[in-house]
Amino acid sequence: MLQELLSRCRRVVGPMIGLGAVAYFTYHTVEGDRGVLAYFRLQAEILDAEMHLSRVASERTEMEHRVQLLRPDHLDPDMLEERARIMLNMGREGEVVVFDKRR
């Protein structure tokens, strides 16, 4: 009886070890640091970073344009007046000032 039990255990141990190894690697393929879920999370982060980059690039382009208008060789009178008003905190008589909370 003991011999038969040992014989059956030997037949079961190999497949159980194999099944355990397959389960282990399957779990880490999905949940691991470099698994499928981490891949999708990383793709979402990349998309957010690219969107942020495009916003920053457009802001930079706008700022470069405004700086170009203030260069001494291409001085734009409207831009100069706008900057002077902001820096000196002044306006003309009879003007109404509306503050924008977004800035």
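One structure accompanies this document, and this report is about it. The model shown is predicted, which means the values in this text are computed figures rather than measured ones.

A short note on the overall build of the protein
Here is step 1 of the chain: A count of helices and strands for the protein gives 3 helices and 0 strands.
Here is step 2 of the chain: What you see for the protein is a C-alpha radius of gyration of 34 Å, clearly larger than the 13 Å of a compact globule of 103 residues, by over 25%.
Here is step 3 of the chain: Principal axes of the C-alpha set define a box for the protein whose edges measure 110 × 30 × 15 Å.
Here is step 4 of the chain: Counting over 103 residues, the protein shows a buried share of 4%.
Here is step 5 of the chain: Accessible area for the protein stands at about 10,100 Å²; split by element, carbon and sulfur atoms hold 63% of it.
Here is step 6 of the chain: Considering the protein, the positive charge centre built from 15 side chains and the negative charge centre built from 17 side chains are found 11 Å apart.

Some thoughts on the pattern of salt bridges
Here is step 1 of the chain: Under the criterion given, the structure shown has 4 salt bridges.
Here is step 2 of the chain: Salt-bridge contacts for Glu 82 lead to Arg 66; the nearest nitrogen and oxygen are separated by 2.8 Å. Here Glu 82 is found in helix H3 (residues 77-88), whereas its partner Arg 66 is found in helix H2 (residues 36-69), with 16 residues between them in sequence.

Some details on the environment of Leu 37
Here is step 1 of the chain: The topology assignment puts Leu 37 in helix H2.
Here is step 2 of the chain: Given the relative accessible area of 39%, Leu 37 is considered partly exposed.

Regarding H3
Here is step 1 of the chain: Its 12 residues give H3 an end-to-end C-alpha distance of 16 Å, which sits within 8% of 16 Å, the value for a rise of 1.5 Å per residue.
Here is step 2 of the chain: Directly after H3, the chain includes Asn 89, whose backbone phi takes a positive value near 55 degrees.

So, how was this worked out
Residues numbered from 1 in each chain as written. Predicted model: local features only at pLDDT ≥ 70, side-chain atom pairs only at ≥ 80, totals over all residues. Heavy atoms only, no water. Helix = DSSP H or I, 4+ residues; strand = E, 2+ residues; numbered from the N terminus. Rg over C-alpha atoms; globule rule 2.2 N^0.38 Å. Buried < 20%, exposed > 50% of the residue type's maximum accessible area, 1.4 Å probe, protein only. Areas by Shrake-Rupley, 256 points an atom, 1.4 Å probe, with all protein chains shown as cover. Lys, Arg positive; Asp, Glu negative; His and termini not counted. Charge placed at Lys NZ, Arg CZ, Asp CG, Glu CD. Salt bridge = Lys/Arg side-chain N within 4 Å of Asp/Glu carboxyl O. Expected span 1.5 Å × (residues − 1).

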